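Spelled out from the first residue to the last, the chains are:
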Amino acid sequence: GQLKALYAKAGVGRARDLVRIVTEAGALVTMTHGAETALQPESLSGRLRVIQTRDERQAAFWDYGPRGSRPILVLHGSITGRTLPPTFVALMHARGWRPIVPQRPGFGLSDAATGDYLTTCADDMAAILAALRLGKVRIAARDDGVGPALAFAERYPDMVADGVLLR
């Protein structure tokens, strides 16, 4: 009963829709912080960025910096967060990594896929890397992020150094 009341107040009918609304609200708060003049992309809280793809969609991602470090795409599962815990980010930074977390189509501020979902995921990741002017990356993917990681590696093999997939 409480869950139905919560869905009704939020104007949704499913848990997935509620999670998306809550995520978007959090992203909007983050964006207001990002609008301040003193940005720190090396911050442990990361920086939310949004780009326009070739097919006129919006693709969002978290960039945890620092810019000169080795880039690694971290792909989330369906129920895991699309932001990384500060302790994890600090460990990645200490080892010379730059975590970048794409928000897959339909999650967070990324528009839903207009065609094949996995192809859209792969194209979004390529667009993110192009926007950041990055070549090869490593990939760490878990659960429902594994399919998009494999699609990216298949579609853009020259952009993948290696990766770790956990299913």
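Refer to the preceding data block for the structure.
Worth saying up front: this structure is predicted, and the values here are computed from it rather than measured. (Residues numbered from 1 in each chain as written. Predicted model: local features only at pLDDT ≥ 70, side-chain atom pairs only at ≥ 80, totals over all residues. Heavy atoms only, no water.)

(A) Up close: the nonpolar core. The biggest cluster of nonpolar side chains holds 24 residues, and the ones touching the most others in it are Leu73, Ile100, Leu129, Ile139 and Phe152. Going through the elements one at a time, β2 (58-63), β3 (70-75), α4 (117-131), β5 (137-142) and α5 (146-155) are the ones with two or more residues in this core. Of the residues forming this core, the biggest block, 6 residues, is contributed by α4. Discounting residues that sit within four places of it in the chain, Ile139 has contacts with Ile72, Leu73, Leu75, Ala149, Phe152, Val160, Asp162, Gly163 and Val164. Listed in part, the 13 residues of the second largest apolar core include Leu48, Ile72, Met92 and Trp97. (Core = buried A, V, L, I, M, F, W, Y, C linked by side-chain atoms within 4.5 Å. Buried < 20%, exposed > 50% of the residue type's maximum accessible area, 1.4 Å probe, protein only. Helix = DSSP H or I, 4+ residues; strand = E, 2+ residues; numbered from the N terminus. Contact = heavy atoms within 4.5 Å.)

(B) Summary view of the sheet that holds β2. As summarised here, the arrangement of the 6 strands in space is β1-β2-β4-β3-β5-β6, forming an open sheet in which the pairing is mixed. A strand with exactly one partner marks an edge of an open sheet, and here the two such strands are β1 (47-52) and β6 (160-166). Averaged over neighbouring strand pairs, the angle between their axes works out to 25 degrees when direction is ignored. Note that β1 and β2 share 6 bridges and pair antiparallel. (Pairing = 2+ DSSP bridges. Axes fitted to C-alpha atoms, helices over the stretch in contact; angles between N-to-C directions.)

(C) Representation of the environment of Ala140 within the structure. Inspection of the secondary structure assignment puts Ala140 in strand β5. The exposure class of Ala140 is partly exposed, given its relative accessible area of 23%. In this structure, the C-alpha to C-alpha distance between Ala140 and Val101, residues 39 residues apart in sequence, is 9.7 Å. Apart from the residues lying within four places of it in its own chain, the contact partners of Ala140 are Ile72, Leu73, Val74, Leu75 and Val164.

(D) Region of the structure containing the pattern of salt bridges. This structure, assessed with the given rule, holds 8 salt bridges. Across the pair Glu24 and Arg20 runs a salt bridge, and its minimum N-O distance is 2.8 Å. Of this pair, Glu24 and Arg20 are both found in helix α2 (residues 15-34), 4 residues apart, which corresponds to roughly one turn of the helix. Arg20 gets classed as partly exposed once you look at its relative accessible area, which sits at 30%. With its nearest N and O atoms 2.6 Å apart, the salt bridge here joins Arg155 to Asp123. One end of the pair, Arg155, is in helix α5; the other, Asp123, is in helix α4, with 32 residues separating them in the sequence. For Arg155, a relative accessible area of 45% corresponds to the partly exposed category. Residue classification places Asp123 among the partly exposed residues on the basis of a relative accessible area of 22%. (Salt bridge = Lys/Arg side-chain N within 4 Å of Asp/Glu carboxyl O.)

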